[in-house]
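Take a look at the letters that make up each chain.
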Amino acid sequence: MGENISAVEESNEAVSEAPSEASSEASSEVTASVEGKKYSDFKEAYADFLKTNEVDEDGSPIQEYMIYDIDKDGTPELLACCGLGEADSHKRVYTFADGEIKFIDVLYTSHTGIWTYPDDNGIILRWTFSGGEDYTRYSLNNNEFTTEELYSGTTFYEDPETGEAITKFKAAKDVVPGAIWVSAFSRDNLYPLEMYEVISGDVPKQNNKKYTYPDNNPNFYTEIMEKDSVINVVNLGWAKDLGEIRFSELLKEGVIDAGKSSEKRDITYADLNFDGVYECIFYITTQDVNYDAITNDYRVILSKQGDDIYAYLAGYPYENSVTEDGYFITEPDENCDDRDVSRVMYDKEKSFDYYVAY
């Protein structure tokens, strides 16, 4: 069972080892920019922290953040995702109490993903490296972490055609039913924090719902493309904020990235924001102008909002399919049994994607 954490490793000296336990020797002080400040709620407090802190106390850049209620007390914790790369990746964990931000601990997360622990106190740290994997539950009591090993092992199987030994990682849901990725967001994107109650709740299924097109026009999106209408391109991740451009610009060389774009493909329609009106989703592949084998994939979501058309551009999408009610589904592959499901949330220039149960 769990044990109180008393020791700390200052860094991951060997990335081939499982993540170290949380640090109790790290500074108990929050950063000077928020120390002693009083806030009305956790949203105001965490937003101020993220806006005023580009690095942590050790000088490591804060690249992203997570927000998740670890101890299920109704107040989510803030995990500041720090480090220059995989080897020094770590999360500084904070909570909100008595009107203040309080530092809890440091979790070292080299080669480690963080997953939810549904319906009970805890989060899961899932370490994978060189075929091995460990699942560890971190529970939070009185602002101190305790740990419990849930699974440790290595699974190989032989490819029946090639005879090659292939590592097969266990799906998180097979260790903890209902576990999903804890979503990470760019430090300067506070929209997920604003929408915490929505994204932390159950997403309603839209079974047998009747859908329509913008303006009740089945040709609405086709006409945008054919008439080369103005669209407002917003970066949804791993892409560019291009602002207002003509639709045809998306397919011109050097616009999405330095490559040349192929034609749009895999056009589909889905209701992404529960309003019963379809958005249009399609994909573009860009090709390096010098090396044809180098390609990048992008996803585009077209959405009518007021009188404007927004195009949410995301690089390197993983999904295999999109459901009519707006779930992006990535199926298991030969190396992992995980089936990841995500949704997109947006409001004009604000946007993000996040993992959900399905």
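Presented here is an overview of the structure given in this document.

About the criteria used
Residues numbered from 1 in each chain as written. Predicted model: local features only at pLDDT ≥ 70, side-chain atom pairs only at ≥ 80, totals over all residues. Heavy atoms only, no water. Core = buried A, V, L, I, M, F, W, Y, C linked by side-chain atoms within 4.5 Å. Buried < 20%, exposed > 50% of the residue type's maximum accessible area, 1.4 Å probe, protein only. Contact = heavy atoms within 4.5 Å. Helix = DSSP H or I, 4+ residues; strand = E, 2+ residues; numbered from the N terminus. Pairing = 2+ DSSP bridges. Axes fitted to C-alpha atoms, helices over the stretch in contact; angles between N-to-C directions. Salt bridge = Lys/Arg side-chain N within 4 Å of Asp/Glu carboxyl O. Phe/Tyr/Trp six-rings, centres within 6.5 Å; stacked < 30°, edge-to-face > 60°.

**Focus on the nonpolar core**
Phase 1 of the analysis: The biggest cluster of nonpolar side chains holds 34 residues, and the ones touching the most others in it are Tyr46, Phe49, Ile101, Phe352 and Tyr354.
Phase 2 of the analysis: Residues within four places of Tyr46 in sequence aside, it is in contact with Ile67, Pro76, Glu77, Leu78, Tyr94, Thr95, Phe96, Ile101 and Leu193.
Phase 3 of the analysis: Judged by nonpolar contacts, the second largest core, of 19 residues, contains Ile224, Ile256, Cys280 and Phe282.

**Focus: the pairing of strand β6 (residues 112-116)**
Phase 1 of the analysis: The element β6 is largely enclosed, with a buried count of five among its five residues.
Phase 2 of the analysis: What you see with β6 is no split at all: Thr112, Ile114 and Thr116 on one side and Gly113 and Trp115 on the other are buried throughout.
Phase 3 of the analysis: In the sheet, β6 pairs with strand β7 (residues 123-129) via five bridges, with the strands oriented antiparallel. Directly across from Ile114, in β7, lies its bridge partner Leu125.
Phase 4 of the analysis: Taking the residues between adjacent antiparallel strands as the criterion, β6 and β7 are bridged by six residues, where Asp119 takes a positive phi near 70°.

**What about the sheet that holds strand β3 (residues 77-82)?**
Across a sheet, strands are paired by hydrogen bonds formed along the backbone, either parallel or antiparallel in direction.
Phase 1 of the analysis: Strands sit in the order β5-β4-β3-β2-β12 across an open sheet of five strands; the sheet is antiparallel. The strands lining the two open edges of the sheet, one partner per strand, are β5 (100-108) and β12 (185-186).
Phase 2 of the analysis: When strand β4 (residues 90-97) meets β5, the two strands line up antiparallel, connected through eight bridges. Looking across to β5, one finds that Phe96 is bridged to Ile101.
Phase 3 of the analysis: Along the sheet face, helix α1 (residues 42-52) touches β2 (62-68), β3, β4 and β5 and points at about 145° away from the line of β4.

**Brief notes about the pattern of salt bridges**
Phase 1 of the analysis: Inspection of the entire model under this criterion finds 18 salt bridges.
Phase 2 of the analysis: One salt bridge in this structure joins Lys252 and Glu249, with 2.8 Å as the shortest N-O distance.
Phase 3 of the analysis: With its nearest N and O atoms 2.8 Å apart, the salt bridge here joins Arg299 to Glu319. Placement of Arg299 in strand β18 (residues 295-305) and of Glu319 in the loop between β19 (308-315) and β20 (321-322) is noted, with a sequence separation of 20 residues between them. A single burial state applies to Arg299 and to Glu319, both of which are buried.
Phase 4 of the analysis: Each of Lys38, Glu100 and Lys102 takes part in salt bridges that share partners, so that together they form one network.

**Examining the packing of aromatic side chains**
Phase 1 of the analysis: A complete count under the given rule lists 24 aromatic pairs for this structure.
Phase 2 of the analysis: A ring pair is formed by Phe49 and Tyr94, whose centres lie 4.7 Å apart and whose planes are at 50°; its orientation type is tilted. Of this pair, Phe49 sits in helix α1 while Tyr94 sits in strand β4; the two residues are 45 residues apart in sequence, bridging distant segments of the chain.
Phase 3 of the analysis: For Phe49, a relative accessible area of 1% corresponds to the buried category.
Phase 4 of the analysis: Centroid distance Tyr327 to Tyr358: 4.6 Å. Interplanar angle 55°. Geometry classified as tilted. Of the two residues, Tyr327 is situated in the loop between β20 and β21 (328-330) and Tyr358 in the segment after β23 (350-355); the sequence distance between them amounts to 31 residues.
Phase 5 of the analysis: Tyr327 gets classed as buried once you look at its relative accessible area, which sits at 0%.

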